[in-house]
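Survey of secondary and tertiary structure
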Amino acid sequence: MTTAATCDPTTAREAPLLDVHALQIVFPAGTRADPSLEAYAVDGVSFTVARGESVCVVGESGCGKSLTALSLLRLVPPPGRIASGSRIVFDGDDILTLDRERLRAIRGQHMAMIFQEPMTALNPVLSVGEQIAEVLRVHTTLSRADRWARTVAMLTQVGIADAATRAKQYPHELSGGMRQRVMIAMALIMSPKLVIADEPTTALDVTIQAQILELLRDLRARTGMALLLITHDLGVVAEMASRVIVMYAGRVVEEAPVQALFAAPRHPYTKGLLAAIPRLGDDSDRLLTISGSVPPPTALPSGCAFRDRCPQAFARCATEEPALVSVGSAHRARCHLIDEPQRETAWAEAPRA
Ligand code: SF4
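Keep in mind it's a predicted model, so treat the numbers as computed, not measured. Throughout, a residue's number is its position along its own chain's written sequence, starting from 1. Reporting in this predicted model follows two pLDDT cut-offs: at least 70 for local features of residues, and 80 or more for side-chain atom pairs to be given and counted; totals over whole chains, interfaces and linings ignore these cut-offs and use all residues. The basis for every side-chain value is the complete set of non-hydrogen atoms in the structure, without hydrogens or water.

Further remarks concern the site of the ligand. Around the ligand, 13 residues are found, and the nearest of them are Cys304, Cys310, Cys317, Cys335 and His336. Each cavity reported here is a set of points on a 1 Å grid over the protein atoms alone in which a 1.4 Å probe fits but cannot get out, each pocket an open set with protein on both sides within 12 Å along at least five of seven lines, and each lining residue one with an atom within 4 Å of a point. A cavity or pocket is said to hold a molecule if more than half of that molecule's atoms lie within 2 Å of its grid points. Here the ligand occupies the largest cavity. Residue classes in the shell around the ligand are distributed as nine nonpolar, three polar and one charged. For this description, a residue counts as near a given molecule or strand if any of its non-hydrogen atoms is within 4 Å of it. All residues other than Ala, Val, Leu, Ile, Met, Phe, Trp, Tyr, Cys, Pro, Asp, Glu, Lys and Arg, Gly among them, are scored as polar; the first ten of these are nonpolar and the last four charged.

Here you go:
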């Protein structure tokens, strides 16, 4: 792993903005027989985000992607905890060992988060302008008047018309789409190096979803910020990502540049997710779906965590956990079929009902 702590200045320049290594998030799962039992909701997750890069983390709910996002700002809700041995390095700072003051400086200033439901993330008793200006009060020495001017300018930048008036309104006076624009304005007001957006459009209707994604794309192009987008929607991934990380049951099961993932997915879970995307002109009356649901971390099957749902599972999958291995340029996948390609071919050629 390369980090900005390296002395060589060339290497330091090339170090990723975010480097997550062997991340484990643990929850107590004690029983009467064994109160000390723990469950791993995220287990051994490693990935990087380069400066200015747009990376999507994709998977169904319960796969650990939101917890992974929260851990980057040390916001894992108790009683969950990040296990020792995990490492999160952001722009040269070791997030997991930072003191509170430095962590507070990084949150909001250099690394900001946009949540799924702005109504719960915004304070209902403060105007939206006051809430954005508060970020400037904490992190800058700007005067009150300058903070307000910057706030109104930022609201204009995220596409809010008549921003000076809107800034004085309370969250409940704005539409869902406008509230999400306010959250984006609040996240971007300090020009952070990394924005983490956790399902930022899930609570919005389809037209507004498209507008918000377009806004994020446009702001990223203009500001050069890196974006880590958490989503269950591979349609969003195609629009937004340069690189994709697919998670299942707390593990990374595939990681690839977006074109490679869509053109040649290697993990059966990724293939299932892709097959479930609705396509124009497809006249079949139902979507292909992956049967079953993500198992809780307390009830993972032996061997491969995807085994119970995998149409290609074979005996080895029950006894041995697959490793994440390279399958191409910047492309990794976690499946036993990778070193048993003859099974993959036989399955692909077998007739199905
Ligand atoms: Fe399916 Fe086996 Fe691959 Fe797991 S290791 S995804 S069960 S084929």
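What follows deals with empty space enclosed by the protein. Unfilled space is identified by rolling a water-sized probe across the atoms. Grid points are joined across faces, edges and corners, and a volume is the space filled by probe spheres set on the points. Summed over the entire model, instances satisfying the criterion amount to two cavities of 30 Å³ or more. What the largest cavity holds in volume is close to 90 Å³. Considering the residues around the largest cavity, the lining is formed by 15 residues, among which Cys304, Cys310, Cys317, Cys335 and His336 are closest to the centre. Its residues assigned to classes, the lining of the largest cavity comprises 10 nonpolar, three polar and two charged. Of the voids in this model, the second largest cavity is the one considered here, and its volume is about 70 Å³. Along the walls of the second largest cavity sit Tyr248, Arg251, Val253, His267, Gly303, Cys304, Ala305, Phe306, Glu321, Pro322 and Arg334, which together make up its complete lining. Class assignment for the residues of the lining of the second largest cavity results in six nonpolar, two polar and three charged.

The next point concerns the layout of surface pockets. Of the pockets and cavities examined, the largest pocket occupies roughly 590 Å³. Lining of the largest pocket is provided by 19 residues; of these, Arg107, Gly108, Phe115, Val135 and Met186 occupy positions nearest its centre. Helix and strand assignments follow DSSP, with helices taken as H or I runs no shorter than four residues and strands as E runs no shorter than two, numbered in order from the N terminus. Where the lining of the largest pocket is concerned, the elements lending two or more residues are strand S7 (111–114), helix H5 (128–139) and helix H8 (176–188). The element that contributes the greatest number of residues to the lining of the largest pocket is H5, accounting for five residues.

This paragraph deals with the side chain of histidine 331. Here histidine 331 shows up in strand S13 (residues 331–333). When accessible area is computed with a 1.4 Å probe and restricted to protein chains, residues below 20% of their type maximum are described as buried, those above 50% as exposed, and intermediate ones as partly exposed. Looking at histidine 331, the relative accessible area reads 6%, which means it is buried. Two N or O atoms count as a polar contact when they lie within 3.5 Å, although within protein this holds only if one can serve as hydrogen donor and the other as acceptor, and sequence-adjacent residues are included solely when both atoms are side-chain atoms. There is a polar contact of 2.6 Å between the side chain of histidine 331 and the side chain of glutamate 254. The contact criterion used is simple: two residues touch if any of their non-hydrogen atoms lie within 4.5 Å. Leaving out residues up to four positions away in the same chain, histidine 331 has contacts with Glu254, Glu255, Ala256, Ala260, Ala264, Arg266, Val325 and Ser326.

Now for the side chain of arginine 334. Along the polypeptide, arginine 334 turns up in the loop between S13 and helix H14 (341–349). In this count, Lys and Arg are taken as positive residues and Asp and Glu as negative ones, while His and the chain termini are left out. Salt bridges are defined as contacts in which a side-chain nitrogen from Lys or Arg sits within 4 Å of a carboxyl oxygen from Asp or Glu. Despite being buried, arginine 334 has no salt bridge partner; glutamate 321 is the closest side chain of opposite charge, sitting 4.3 Å away. From its side chain, arginine 334 meets the backbone oxygen of proline 322 in a polar contact 3.2 Å long. Contact partners of arginine 334, with chain neighbours within four places excluded, come to Arg251, Val252, Val253, His267, Glu321, Pro322, Ala323 and Leu324.

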